[in-house]
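The primary structure of each chain is shown beneath.
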Amino acid sequence: MTLFGHELRQGRIALTVWTLCIGFFVLVCVMMYPEFEGQMEEVGAMFASMGGFTAAFGMDRLNIGTLIGFYAIECGSIIGLGGAMYAALTGVGALAREEGGRTAEFLLTHPIARPRVVAAKLAAVAVQVLALDLACFLFGVLSVVMIGHEVPWQDLALLHGAYLLLHLELAALCFGLSAFVRRGGPGVGLGLAVALYFLNLIANAAPAADWLNYVTPFAYTDGADLLTEGALDPALVWPGMLYGAAAIALAFVKYSRKDIR
């Protein structure tokens, strides 16, 4: 518990900054909706005729003229990618930070087994990601209330539940990577998050690349699919959860045997 609490204290500033930044952009984005609400039908029709660009962002199946459609497309990109970058940074730095900051020697001389170190750091990463996503959900609800619209609880819960799974998977993948890297971890984490985001855009825009949906976790957070089907697609979610579980298992194995420098 001491190490777990220490990890949370170390990450509290980054968590606060990322939460406030993402929440602020969500508030600003939703606050803009009433200004354009009367023109959204025309805007939606314009976007619907833009071919691959329209398909990439799901605007061929989602009505941007509605509040929830607007939220899924505009705010979904902010929360999905912003939260993924935070989760990647938090996960990839969890184990690598000890060597990069030259504190591994101090930590590992204490009477605590390496698997317990990994478990405590993993728990801290999960709690921070959960805190970020809960705050984003509350910001989303607050923003809808502020513009005077009825809160679409079910749709918001579905969207944010998908974002949470996305962020947990990215955190797990990067946590696995953190057992292998000693420095340069932030670049690796951010690169992975951004690469997976663009793989999702490619999969949406090009039918021939549909198989990429089983590689990138952004596939099961597609607002068009979620709001059309009313549920997550298990065929996309389960592979992602397996990737995350495999990465965590690999982190335990690697860090327990790693030659710490």
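Everything here concerns the structure above.
Let us look at the structure shown here. (Residues numbered from 1 in each chain as written. Predicted model: local features only at pLDDT ≥ 70, side-chain atom pairs only at ≥ 80, totals over all residues. Heavy atoms only, no water.)

So, on to the overall build of the chain. When helices and strands are counted, the chain shows ten helices and zero strands. Helices and strands in the chain line up, N terminus first, as α-α-α-α-α-α-α-α-α-α. Pairs at least 24 apart in sequence give 77% of the contacts found in the chain among residues at least 6 apart. (Helix = DSSP H or I, 4+ residues; strand = E, 2+ residues; numbered from the N terminus. Contact = heavy atoms within 4.5 Å.)

Attention now goes to the nonpolar core. Formed by 30 residues in total, the largest nonpolar core has its most connected members in Leu95, Val125, Leu170, Phe175, Phe218 and Tyr255. Formed by 29 residues, the second largest nonpolar core is a distinct cluster that contains Leu15, Cys29, Leu67 and Leu156. (Core = buried A, V, L, I, M, F, W, Y, C linked by side-chain atoms within 4.5 Å. Buried < 20%, exposed > 50% of the residue type's maximum accessible area, 1.4 Å probe, protein only.)

Once that is clear, we can look at the packing of aromatic side chains. Tallying each qualifying case throughout the model produces six aromatic pairs. Here Tyr33 and Phe70 contribute two aromatic rings whose centre-to-centre distance is 5.2 Å and whose plane-to-plane angle is 50 degrees, an arrangement assigned as tilted. Taken together, the positions of Tyr33 in helix H1 (residues 2-36) and Phe70 in helix H4 (residues 67-100) put the pair 37 residues apart, joining distant regions of the chain. The exposure class of Phe70 is buried, given its relative accessible area of 5%. Members of the aromatic cluster, each reached through a chain of ring pairs, are Tyr197, Phe198 and Phe218. (Phe/Tyr/Trp six-rings, centres within 6.5 Å; stacked < 30°, edge-to-face > 60°.)

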